[in-house]
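Examining the three-dimensional arrangement
Given next are the chains, with one letter for each unit.
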Amino acid sequence: MTTLRAFTCDDLFRFNNISLLNPAPQYGIPFYLQYLAHWPEYFIVAEAPGGELMGYSATVLMLCVFTVMGKAEGSVAREEWHGHVTALSVAPEFRRLGLAAKLMELLEEISEKKGGFFVDLFVRVSNQVAVNMYKQLGYSVYRTVLEYYSASSGEPDEDAYDMRKALSRDTEKKSIIPLPHPVRPEDIE
């Protein structure tokens, strides 16, 4: 049985197999510690019965080769207060078990409790497996962000989709009305 629990500092040394085998961005220890210090409720771990990590995600859920990591951000006055999924990662051997959906659900529940209007995330346009999974979870493409992901070894930078899911506070679903044109990373607030 998979256990979902709060992320601890010790977990930083237990999930390299999750991060290194994933196309998700790689972060350093200071980055994770910042999230753990500022948004501990968004940092959750999924742990297998034997104690191995299954994955992590960033509106901050993590462990057992399955983690999610995130934060709360935005402006309440402009109805932009929201949960943001920084990373979602599941170890290959634990994929297709519904772990990502469960972590996303927990992140959404936390964002609801924090009074968020929506949850958002960025995903590579080329990562159609992830895009389709998020669509199945109720997310839609809000906008395209040109050259959001930096490329390596001389390849061109890659665009991202900013995907969103409205929460109950956004009764008119204004937060998910798609923008008619792409934006640049510097245009993102």
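The notes below deal with the structure included here. This structure is a prediction, so every number in the text was calculated from the model and none was measured. (Residues numbered from 1 in each chain as written. Predicted model: local features only at pLDDT ≥ 70, side-chain atom pairs only at ≥ 80, totals over all residues. Heavy atoms only, no water.)

This paragraph deals with the pairing of strand β5 (residues 82–90). Extensive coverage of β5 is indicated by the burial of nine of its nine residues. With four bridges joining them, β5 and strand β6 (residues 118–124) adopt parallel strand pairing. Residue pairing across strands places histidine 84 opposite aspartate 120, the latter belonging to β6. Following the backbone out of β5, through helix α3 (residues 99–113) and into the adjacent parallel β6, one traces a crossover that is right-handed. (Buried < 20%, exposed > 50% of the residue type's maximum accessible area, 1.4 Å probe, protein only. Helix = DSSP H or I, 4+ residues; strand = E, 2+ residues; numbered from the N terminus. Pairing = 2+ DSSP bridges. Right-handed = clockwise from strand over helix to strand, strands pointing away.)

Along helix α2 (residues 29–38), the positions that sit buried rather than exposed are Tyr32, Tyr35 and Leu36. Buried residues of α2, viewed axially, fall in a sector of 100°; they line one side. Among the exposed residues of α2, those oriented more than 90 degrees off its buried face are Pro30, Ala37 and His38. (Arc of directions from axis to C-beta.)

A separate point is the environment of glutamate 147. Here glutamate 147 shows up in strand β7 (residues 140–149). A relative accessible area of 38% places glutamate 147 in the partly exposed class. Taking the C-alpha atoms as reference points, glutamate 147 and valine 183, separated by 36 residues in sequence, lie 9.4 Å from one another. When neighbours within four sequence positions are excluded, glutamate 147 is seen to be in contact with Asp157, Glu158, Asp159, Arg184 and Pro185. A distance of 2.6 Å separates polar atoms of two side chains, one belonging to glutamate 147 and the other to arginine 184. (Contact = heavy atoms within 4.5 Å. Polar contact = N/O pair within 3.5 Å; in protein donor to acceptor, adjacent residues only side chain to side chain.)

This part covers the nonpolar core. Leu121 and Tyr134 are the most contacted members of the largest nonpolar core, which has 35 residues in total. For this core, the secondary-structure elements that each account for two or more residues are α2, β2 (44–47), β4 (61–73), β5, α3, β6 and α4 (128–136). The greatest single-element share of this core, amounting to seven residues, is contributed by α3. Excluding its chain neighbours within four sequence positions, the residues that come into contact with leucine 121 are His84, Val85, Met104, Tyr134, Tyr139, Tyr161, Asp162 and Met163. (Core = buried A, V, L, I, M, F, W, Y, C linked by side-chain atoms within 4.5 Å.)

Geometric values such as these leave the question of function open.
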